[in-house]
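# Tertiary structure, described
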Amino acid sequence: SEILCQWLNQELKVSWTVNPKSFAKAFSNGYLIGEVLHKFELQEDFSEFSESRGATAKLNNFSRLEPTLHLLGVQFDQNVAQSIITEKPGAATKLLYQLYIALQKKKKAGLTAVELQTMQPQASIRLQSMKSEAFREQRLNRRRQNEIMAKIQAAIIQIPKPEPNRTLKAIEAQKLLKKKKEAEDVANEIKKFEALIKKDLQAKVSTSKTSLEIADHTTTDLLNTYSDDDYIKKIQKRLEEDTFAREQREKRRRRLLMDQLIAHEAQEEAYREEQLTHRLMRQSQQERRIAVQLMHVRHEKEVLWQNRIFREKQYEERRLKDFQDALDREAALAKQAKIDFEEQISREKEIHERISTERAQARYEKHYTICAEILDQILDLSTKVADYRMLTNNLIPYKLMHDWKELFFNGKPIYQQAIMKNLADHPSEEHLIELEKTELLDKNDYEEYKVYTD
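Residues numbered from 1 in each chain as written. Predicted model: local features only at pLDDT ≥ 70, side-chain atom pairs only at ≥ 80, totals over all residues. Heavy atoms only, no water.

Taking an unreviewed UniProt entry as the reference, the protein is identified by name as Calponin-homology (CH) domain-containing protein belonging to Jaculus jaculus.

### Side note on the nonpolar core
With 35 residues, the main nonpolar core has F27 and L99 as its most contacted residues. No other element matches the seven residues that helix α6 (residues 91–109) contributes to this core. Discounting chain neighbours no more than four positions away, the residues touching L99 are I33, V36, L37, L69, L72 and V74. Counting five residues, the second largest nonpolar core, distinct from the first, contains L381, I396, W404 and F408. (Core = buried A, V, L, I, M, F, W, Y, C linked by side-chain atoms within 4.5 Å. Buried < 20%, exposed > 50% of the residue type's maximum accessible area, 1.4 Å probe, protein only. Helix = DSSP H or I, 4+ residues; strand = E, 2+ residues; numbered from the N terminus. Contact = heavy atoms within 4.5 Å.)

### Some details on the pattern of salt bridges
Evaluated as defined, the whole model comprises five salt bridges. With a shortest N-O distance of 2.5 Å, R272 and E269 are connected by a salt bridge. With R272 and E269 both in helix α10 (residues 228–392) and three residues apart, the pair spans about one turn of that helix. By relative accessible area, R272 is classed as partly exposed at 46%. Between E316 and R319 there is a salt bridge, with its nearest N and O atoms 2.5 Å apart. Of this pair, E316 and R319 both sit in helix α10, three residues apart, which is roughly one turn of that helix. Taking the relative accessible area as the measure of exposure, R319 reaches 46% and is therefore partly exposed. (Salt bridge = Lys/Arg side-chain N within 4 Å of Asp/Glu carboxyl O.)

### Some words on helix α4 (residues 55–71)
If you check α4, its first and last C-alpha atoms are 25 Å apart, about what 17 residues at 1.5 Å a residue would give, namely 24 Å. Within α4, 12 of the 17 residues are buried, which leaves it mostly tucked inside the rest of the structure. Burial in α4 covers these residues: A57, K58, L59, N61, F62, S63, L65, E66, T68, L69, H70 and L71. G73, located one to two residues past α4, shows a positive phi value of around 85 degrees. (Expected span 1.5 Å × (residues − 1).)

### Some remarks on the packing of helix α3 (residues 31–39) against α4
Look at α3 against α4: their axes get within 10 Å of each other, and the N-to-C directions meet at 40 degrees. In terms of orientation, α3 lies oblique with respect to α4. Handedness of the crossing formed by α3 with α4: left-handed. Here Y31, I33, G34 and L37 of α3 come into contact with α4, specifically with N61, F62, L65, T68 and L69. Looking at the contact of α3 with α4 residue by residue, the classes come out as six nonpolar, three polar and no charged. (Axes fitted to C-alpha atoms, helices over the stretch in contact; angles between N-to-C directions. Parallel < 35°, antiparallel > 145°, perpendicular 65-115°, else oblique. Left-handed = near helix turned anticlockwise from the far one by under 90°. Nonpolar A, V, L, I, M, F, W, Y, C, P; charged D, E, K, R; others polar.)

### Here we look at the side chain of N29
By the secondary structure assignment, N29 is in the loop between α2 (23–26) and α3. On the basis of relative accessible area, N29 is assigned to the buried category, the value being 0%.

### Some details on the confidence of the model for the protein
When the pLDDT values of the protein are averaged, the result is 77; 75% of them are 70 or greater. For the protein, helix α7 (residues 113–119) is the element with the lowest average pLDDT, namely 51, and α3 is the one with the highest, namely 88. Note on residues 156–166: pLDDT under 50 across the span, and 12 contacts to partners over four residues away in sequence or across chains. Low pLDDT, under 50, characterises residues 218–227; the predicted model gives this stretch seven contacts beyond four residues in sequence or across chains. (pLDDT = per-residue confidence, 0-100.)

### Side note on unusual backbone geometry
We note that K13 has phi near 55 degrees; this positive angle belongs to a residue other than glycine. Residue classification places K13 among the exposed positions, given a relative accessible area of 60%. For E41, which is not glycine, the phi torsion reads 60 degrees and is therefore positive. The topology assignment puts E41 in the loop between α3 and α4. On the basis of relative accessible area, E41 is assigned to the exposed category, the value being 67%.

### Things to note about a nonpolar patch on the surface
A cluster of nonpolar side chains, contributed by Y231, I232, I235 and L239, occupies part of the molecular surface with about 340 Å² of accessible area. Locating I235 in the fold gives a position in helix α10. (Patch = residues over 30% accessible without salt bridge, like charges linked within 9 Å, V, L, I, M, F, W, Y side chains within 5 Å. Areas by Shrake-Rupley, 256 points an atom, 1.4 Å probe, with all protein chains shown as cover.)

### Comments concerning α3
For α3, the buried fraction is high: seven of the nine residues fall into the buried class. Every buried residue of α3 is listed here: Y31, L32, I33, G34, E35, V36 and L37. Where the residues of α3 are buried, they touch α1 (2–12), α2, α4 and α6. Positive backbone phi, approximately 60 degrees, marks E41, located one or two places after α3.

### A word on a positive patch on the surface
On the surface, K251, R252, R254 and R255 cluster together to form a positively charged patch. With respect to the secondary-structure elements, R252 resides in helix α10. Note on R252: relative accessible area 47%, which makes it partly exposed. (Lys, Arg positive; Asp, Glu negative; His and termini not counted. Charge placed at Lys NZ, Arg CZ, Asp CG, Glu CD.)

### Looking at the packing of aromatic side chains
Evaluation of the coordinates by the stated rule reveals 10 aromatic pairs. Measuring from centroid to centroid gives 6.1 Å for F62 and F76, while their planes differ by 10 degrees, and the two rings are stacked. Placement of F62 in helix α4 and of F76 in the loop between α4 and α5 (78–85) is noted, with a sequence separation of 14 residues between them. Across this residue pair, the class does not change: F62 and F76 are buried. Measuring from ring centre to ring centre gives 5.8 Å for F408 and F409, while their planes differ by 55 degrees; the resulting arrangement is tilted. Judged by its relative accessible area of 19%, F408 falls in the buried class. (Phe/Tyr/Trp six-rings, centres within 6.5 Å; stacked < 30°, edge-to-face > 60°.)

### Let's talk about the packing of α3 against α6
With their axes 12 Å apart at the nearest point, α3 and α6 run at an angle of 5 degrees to one another. Taken together, the axes of α3 and α6 lie roughly parallel to each other. Facing I33, V36 and L37 of α3, the residues of α6 in contact are L95, L96, L99 and L103.

Following this line, the structure appears as structure tokens:
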């Protein structure tokens, strides 16, 4: 770490002073790594880097760093980026050390970014670009999923559990108790009312009895004191008062019954309103629960869609890898076929040279044998002539010389090869030669005879 800090602070002079304690934090957003690469003229889009430590800025910086790091041969993937972003101890140090080694090699070799890119195989460049795009899209998808989950969590409404007395059985029991209580109250009111009526009737009966007794006792007095008209008027007046009192009691009774009926209806209306509000609240809670479930389903659908896209990309990468492997296999097979073809050509060349040598040897032997035969025949002819001249001391007759030349020209031996007296059933080669010589000389004599040659 101290060597890397000295290299960064003194040689490269990065914008932030780095020390071993703050090493992981300083490189957690990827900005300083981009600055280091920019100083070596490897990061042309350094102006697009951000010094912020937000998730978006980190994602942007590391997605731009990945192709350059792969170009230098530095091991970098999603796990390494996650370790550096989360400030895992030793992750940034390991990456900077690999980057330091790679940059020192580049500096010694004097290679530029374009030369490095041209030196790298095209297929690996394509795969690395696809991996970087997949890494960037995966990070964006993860961020989008986190945002969706945050929205869902914010949209979730905590529905309180119903109290024990709010369950269906408890509500039904409360309804029954309330109805029983209302029935008992009504029954008690009716009993009270009937008791009041009974008391009124008893009071009326007692008053009527007393009034009759008084009337009986006083009739005699009144008959004596008052006239008939006054008595009749008093009775009529009392009867009117009794009817008025009875009407007032009936009105009070009806008013009491009406008040009780109105109170009962008001109580029933309040109960109905309470039930309606409870039902509406329960329906709204169900609607909210359904909305939350719908958002969960949409989130799951989004996750499935993103997973399908990621899986399709993996399939595409696998197809590209298989295609590259097939190309490599075809190249290896073509190379092996070329080697086999060269070996076959070399073998055929050897066979051709051997056949040519054998043909040349056979031609030489053939020519040698022909020349040897011709030379032998010349020697035979010469010795034959010499023998004849030596024995006869005369010139050779024309006919004899002509036969010897015919034998010489046809390649037949001049000297006799075998005795023709005792010819066997199966003649030997020498006998056959002598027969051919005889036939040849006979044929020649016949031709001369035909043309009348002397």
